[in-house]
Amino acid sequence: MRSILRFYLPQTILSTSSLTLQRVPAVLKNVNIGKCTERWTAEYLAEQVGNQPVKIHVSTSTKLDFVNKNFLYRTLPFGELIARAAEEKHSNYFLDEKEFYYMRSLGDDPRKDVADIRRQFPGLAKDITYSDIFPEKQFFSSVFRIASKGLCLWTHYDVMDNLLIQVKGKKNAVLFHPNDVSYMYMNGDKSEVLDVENPDLEKYPEFIKATKYTCTLDSGDILFIPALWLHNMTSLEFGVAVNVFWRHLEENMYDKKDPYGNKDPHPAATALTFLEKALKTLKQLPDDYRTFYSKRMISRIQDTIS
Ligand code: AKG
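Because the structure is a prediction, the values reported are computed rather than measured.

A. Here's a closer look at the overall build of the protein chain. Tallying secondary structure elements over the protein chain gives eight helices and 16 strands in all. Against the 2.2 N^0.38 benchmark of 19 Å for 306 residues, the protein chain shows a C-alpha radius of gyration of 21 Å, consistent with a compact globule. For the C-alpha atoms alone, the extent of the protein chain along its principal axes is close to 65 × 50 × 40 Å. Counting every position in the protein chain, which comprises 306 residues, the buried fraction comes to 43%. Summarising the internal contacts of the protein chain: among those between residues at least 6 apart in sequence, 74% fall at separations of at least 24. Working note: accessible area of the protein chain is about 16300 Å², and carbon and sulfur atoms make up 53% of it. Taking the average location of the 40 positive side-chain charges in the protein chain and that of its 39 negative ones, the two points are 3 Å from each other.

B. Spatial organisation of the packing of aromatic side chains. Applying the stated criterion across every chain, the model contains 14 aromatic pairs. Judged by centre distance (6.1 Å) and plane angle (25°), the rings of Phe78 and Phe144 are stacked. Taken together, the residues Phe78 in helix H4 (residues 78-86) and Phe144 in strand E7 (residues 139-147) connect sequence positions 66 residues apart. By relative accessible area, which is 0% here, Phe78 ends up buried. Grouped by ring-pair contacts, the aromatic residues Trp40, Phe78, Phe121 and Phe144 constitute a single cluster. Seen from the ring of Phe66, Lys69 lies directly overhead, with NZ or CZ sitting 3.8 Å from the centre. Directly above the ring of Phe66 sits Lys190, whose terminal nitrogen or CZ lies 4.1 Å from the centroid.

C. A look at the site of the ligand. Around the ligand sit 13 residues, and of these Tyr102, Asn162, Lys171, His231 and Asn243 come closest. The separation between an oxygen atom of the ligand and a polar side-chain atom of Tyr102 is 2.6 Å. One of the side-chain N or O atoms of Asn243 is found 2.8 Å from an oxygen atom in the ligand. Computed on the free molecule, the ligand has an accessible area of 290 Å², of which 98% lies beneath the protein chains in the complex. At the level of elements, strand E8 (152-156), strand E9 (161-168), strand E15 (230-235) and strand E16 (239-246) are the ones that each hand at least two residues to the shell around the ligand. Among the residues making up the shell around the ligand, the classes are represented as six nonpolar, four polar and three charged.

D. Focus on the environment of Pro199. Position of Pro199 relative to the elements: it lies in the loop between strand E12 (190-191) and strand E13 (213-217). For the pair Pro199 and Val240, spaced 41 residues apart in sequence, the C-alpha to C-alpha distance is 27 Å. Ignoring any residue separated from it by four or fewer positions in sequence, one finds Pro199 in contact with Val193 and Phe207.

E. Highlighting the pairing of strand E10 (residues 171-176). Taking burial as the measure, the six residues of E10 include five buried ones, the bulk of the element. Relative to E13, E10 runs antiparallel, the two sharing five bridges. In the strand pairing of E13, Lys171 is matched with Leu217. Pairing between E10 and E15: six bridges, direction antiparallel. Pairing of Ala173 across the sheet is with Met233, part of E15.

F. Geometry of H4. Buried within H4 we find Phe78, Gly79, Leu81, Ile82, Arg84 and Ala85. The inward-facing, buried residues of H4 contact helix H3 (42-49), strand E4 (53-59), strand E5 (72-77), strand E6 (100-104) and E7.

G. Local environment of a nonpolar patch on the surface. The grouping of Leu272, Leu275, Leu279, Ile301 and Ile305 at the surface amounts to a nonpolar patch, some 440 Å² of accessible area in total. By residue number, the principal contributor to the nonpolar patch is helix H7 (residues 266-282), which donates three residues. For Leu272, the position within the fold is in helix H7. Judged by relative accessible area, which is 45%, Leu272 ranks as partly exposed.

Each value, and the rule that gives it
- Residues numbered from 1 in each chain as written.
- Predicted model: local features only at pLDDT ≥ 70, side-chain atom pairs only at ≥ 80, totals over all residues.
- Heavy atoms only, no water.
- Helix = DSSP H or I, 4+ residues; strand = E, 2+ residues; numbered from the N terminus.
- Rg over C-alpha atoms; globule rule 2.2 N^0.38 Å.
- Buried < 20%, exposed > 50% of the residue type's maximum accessible area, 1.4 Å probe, protein only.
- Contact = heavy atoms within 4.5 Å.
- Areas by Shrake-Rupley, 256 points an atom, 1.4 Å probe, with all protein chains shown as cover.
- Lys, Arg positive; Asp, Glu negative; His and termini not counted.
- Charge placed at Lys NZ, Arg CZ, Asp CG, Glu CD.
- Phe/Tyr/Trp six-rings, centres within 6.5 Å; stacked < 30°, edge-to-face > 60°.
- Lys NZ or Arg CZ within 6 Å of the ring centre and 35° of its normal.
- Near = heavy atom within 4 Å.
- Polar contact = N/O pair within 3.5 Å; in protein donor to acceptor, adjacent residues only side chain to side chain.
- Nonpolar A, V, L, I, M, F, W, Y, C, P; charged D, E, K, R; others polar.
- Pairing = 2+ DSSP bridges.
- Patch = residues over 30% accessible without salt bridge, like charges linked within 9 Å, V, L, I, M, F, W, Y side chains within 5 Å.
- Salt bridge = Lys/Arg side-chain N within 4 Å of Asp/Glu carboxyl O.

Put into structure tokens, the structure is as follows:
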């Protein structure tokens, strides 16, 4: 287990390019992110946004599992979501009086548009500023997130660079280097290992080889999460966060129909499709031949990894 580097700004001068060039996560402290740190109490948020309907995840489990879907999608007026996410026992609920809530804001048309806090929550966007860590033309999305205390979001990677601005509430972050992806039991962009602190090592024996990078974010901290770093977040308190994604690669590398910023860059997606085709083709052979040629393919791939 390793701790993530902390940079105390503005005391430490950290240039934008050094942060993004190093491709390692970092916690930025003492950054001026605007009035949100003082203003964004549950009452203020509810008052500013009112009863605008929002799509949420609801679960009786603290560990949201995207692969086995242990949650429901529901819609609530924003004010009601805030009230419920800020309390631990509910008088109004969908599944159980102790259920957990998670909101990840969506674009105007969630199938086509990216989330942008300035569009969906203009009354709140004025309270938050993020440093000019990336050129505005590389901006992709800004996602507003609300979480109940205890809630843990599945481990996944994103294909864009990302600043997670933890406006309110402590949060534990566990990250994994992209080079450890083969120990992560991936299902698309998500890991099947739900409990990264107490993993089921009978089911996921290789996971033990993955190095965990951990940190606790306090209100006002920013975590830089470079593209492809896997991350797992647990809210230790009622949490309010905004994360900002931007393109690290040339624009034409990214899938244009990707409102969530989690579709693999074109060359990677094409290569993965070829791989699936190659594996299907090998199925025509008897087992011993298939194994032989699979191993030849693995050696060939290993030769190309620096
Ligand atoms: C991200 O920044 O990509 C996250 O997954 C953050 C999730 C969260 O903090 O709730």
